[in-house]
Amino acid sequence: MTGTTGAATDSGTGAEQALRPHAEDAFAAELKALDAADDRPRPARWNLSPWAVATYLLGGTLPDGTVITPKYVGPRRIVEVAVTTLATDRALLLLGVPGTAKTWVSEHLAAAISGDSTLLVQGTAGTPEEAIRYGWNYAQLLTNGPSRDALVPSPVMRAMAEGRIARVEELTRIPADVQDSLITILSEKTLPIPELGAETQAVRGFNMIATANDRDRGVNDLSSALRRRFNTVVLPLPASAEDEVDIVTRRVDQLGSGLDLPAVPDGATEIRRVVTVFRELRGGVTEDGRTKLKSPSGTLSTAEAISVVTNGLALAAHFGDGVLRAGDVAAGILGAVVRDPAADRLIWHEYLETVIRERDGWKDFYRACREVSA
């Protein structure tokens, strides 16, 4: 992905009891330290300056020695362009294949800028227009008729009124007619409420981050009018195996600490193997460039690698000796690779027999994969 990393910190708010705290809670200590050290100009209603927001995502060390853990591993310019876009009146569209940390980056940008990443619309084929504009409390509507008290604001409407960042996930999965309800919001910065003869105008600080999947092109393509309202930033896959190993290790360590799983360093060998398998099958060539490979139908993203390793750690903790081994990740890899039982199984079998079987130091991995593939 270019990807997600970082270890959660204690927010002191009780949010650490949540299975998956919001970014502003999990990294509250880092955000507080950045706020104290940040002496640069801040756009209206931004909690941090653009420089501090970029530092929060990319990581660094503050003058007082506070270490800011990287949340994203990838080109710095991508983050700088994304942050700068949000400081203008142009909305931000994060585009990429599945598993490139679009949602993760979106959440952390909102947390750093607004201190609130929860103003979220989840896009699906069934997302109604009310999810983007507003709905009604029908009990009050029937009793008293249309009124402000009966109106139920959407996350976007709340963000407009409060000058915060709104998030729309999987924008291209939303029906085209519902997508178009964003055009007036993004161009005129207002949301009409014709039932009340009123409107909600966006105050300074409001903007929007949307995410979209490269693989979903043709599902509900954005109209040219809507696309013009966004500045598109493409999040690439990790440039190197080392970057991807680092992303997987950091993210699994964060997830594992909340689930009382074994320490990640004990599984460094298997993490590198999982990443190698995913990169080779995803790229259609072995890492030495000597052997061409067929790619399976799945995406084999970094996010899936994180899932495979996390599940392997759980197996090692609950049914093994606590050390991540080949047998703990084999089933997860099989499930990630073989999505089409007919075609993908042949591709996987060929890869096992022609590449993994002949690779030095991978005999245990080969045997484990053969066992679950039988």
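This structure is a prediction, so every number in the text was calculated from the model and none was measured.

What counts as what
All residue numbers refer to position in the chain's written sequence, counted from 1. Predicted model: local features are reported for residues with pLDDT of at least 70 only, side-chain atom pairs are reported and counted for 80 or more only, and whole-chain, interface and lining totals are derived from all residues. The side-chain quantities take in all heavy atoms of the structure and omit both hydrogens and water. Salt bridge, as applied in this entry: a Lys or Arg side-chain nitrogen positioned within 4 Å of an Asp or Glu carboxyl oxygen. For the purposes of this entry, the term helix denotes a DSSP run of H or I that reaches at least four residues, the term strand denotes a run of E that reaches at least two, and both are numbered from the N terminus. Categorising residues by exposure relies on relative accessible area from a 1.4 Å probe, with only protein chains included: less than 20% of the type maximum marks a residue as buried, more than 50% marks it as exposed, and the intermediate range marks it as partly exposed. Pairs of residues are marked as contacts when any of their non-hydrogen atoms sit within 4.5 Å. Two strands qualify as a pair provided that DSSP identifies no fewer than 2 bridges between them. Fitted lines through C-alpha atoms serve as axes, helices being fitted only where they are in contact, and the angles separating the N-to-C directions of these axes extend from 0 to 180 degrees. Cavities and pockets are defined on a 1 Å grid built over the protein atoms alone: a cavity is a set of grid points where a 1.4 Å probe fits but cannot escape, while a pocket is an open set with protein on both sides within 12 Å along at least five of seven lines, and lining residues are those with an atom within 4 Å of any such point. Grid points are joined across faces, edges and corners, and a volume is the space filled by probe spheres set on the points. Only the six-membered ring of Trp is used, alongside the rings of Phe and Tyr, when aromatic pairs are assigned; centres must lie within 6.5 Å, and planes under 30 degrees apart are stacked while those over 60 apart are edge-to-face, with the rest tilted. Two thresholds decide whether a charge sits over a ring: the Lys NZ or Arg CZ must be within 6 Å of the ring centre and within 35 degrees of the ring normal. Should an angle fall under 35 degrees it is taken as roughly parallel, and over 145 as roughly antiparallel, whereas 65 to 115 is taken as roughly perpendicular and any remaining angle as oblique. Crossings are sorted by hand: turned counterclockwise from the far helix by less than a right angle, the near helix makes the crossing left-handed, and turned clockwise it makes it right-handed.

Draft legend 1. Up close: the pattern of salt bridges. Considering all chains together, one arrives at 21 salt bridges under this definition. Lys71 serves as the salt-bridge partner of Glu30, at 2.7 Å between the closest nitrogen and oxygen. With Glu30 in helix H2 (residues 28–37) and Lys71 in the loop between strand E3 (67–68) and strand E4 (72–73), the pair connects residues that are 41 residues apart, well separated along the chain. Just as Glu30 is buried, Lys71 falls in that class too.

Draft legend 2. Structural context of the environment of Phe230. Note on placement: Phe230 falls in strand E13 (residues 230–234). As a C-alpha pair, Phe230 and Thr276 span 46 residues in sequence and 35 Å in three-dimensional space. Not counting residues up to four positions away in its chain, the partners in contact with Phe230 are Arg90, Ala91, Leu92, Leu93, Leu171, Leu186, Met208 and Ala210.

Draft legend 3. Local environment of the sheet that holds strand E6 (residues 120–122). Spatial ordering of the open sheet is given by E6-E9-E12-E5-E13, a layout of 5 strands whose pairing is parallel. The sheet is open, and its two edges are formed by E6 and E13, each paired on a single side. Strand-to-strand twist of the sheet, defined as the mean angle between neighbouring strand axes without regard to direction, takes the value 20°. Relative to E13, strand E5 (residues 91–96) runs parallel, the two being bridged by 5 bridges. Along E13, the bridge assignment pairs Leu92 with Asn231. Sitting on the sheet, helix H5 (residues 102–114) touches E5, strand E9 (165–169) and strand E12 (207–213), and the angle it makes with E9 is about 170°.

Draft legend 4. Spotlight on the pairing of E12. Taking burial as the measure, the 7 residues of E12 include 7 buried ones, the bulk of the element. Here E5 runs beside E12; their pairing, made up of 5 bridges, is parallel. Looking across to E12, one finds that Leu94 is bridged to Thr211. One ladder, built from 4 bridges, connects E9 with E12; its direction is parallel. Of the residues in E12, the one forming a bridge with Arg167 is Ile209.

Draft legend 5. Representation of empty space enclosed by the protein within the structure. Per the counting criterion, the structure on display carries 2 cavities of 30 Å³ or more. In this structure, the largest cavity occupies an estimated 50 Å³ of space. The volume enclosed by the second largest cavity comes to roughly 30 Å³. Taken together, Tyr72, Ile78, Val79, Ala82, Leu94, Val105 and Leu235 make up the full set of residues lining the second largest cavity.

Draft legend 6. Representation of the packing of aromatic side chains in the model. Considering all chains together, one arrives at 4 aromatic pairs under this definition. For the ring pair Tyr134 and Trp136, a centre distance of 5.8 Å and an interplane angle of 85° mean the geometry is edge-to-face. For Tyr134, a relative accessible area of 4% translates into the label buried. Here the aromatic rings of Trp348 and Tyr351 are separated by 5.9 Å at their centres, their planes lie at 35°, and the arrangement is tilted. Linking Trp348 with Tyr351, this pair stays in helix H15 (residues 343–356), spanning 3 residues, or about one helical turn. Assessed through its relative accessible area of 1%, Trp348 is described here as buried. Taking the relative accessible area as the measure of exposure, Tyr351 reaches 2% and is therefore buried. One Lys or Arg, Lys71, reaches over the ring of Tyr56 and ends 4.1 Å from the middle of that ring. The lysine or arginine in question, Arg359, covers the ring of Trp362, its NZ or CZ lying 4.9 Å from the ring centre.

Draft legend 7. Inspection of the packing of helix H12 (residues 268–283) against H15 at higher detail. Between H12 and H15, the least distance of the axes is 12 Å, while the angle of their chain directions is 115°. Judged by the inter-axis angle, H12 sits roughly perpendicular to H15. Seen from above, H12 lies across H15 with right-handed handedness. Here Thr276, Val277, Glu280 and Leu281 of H12 lie close against H15, whose contacting residues are Trp348, Tyr351, Val355 and Ile356.

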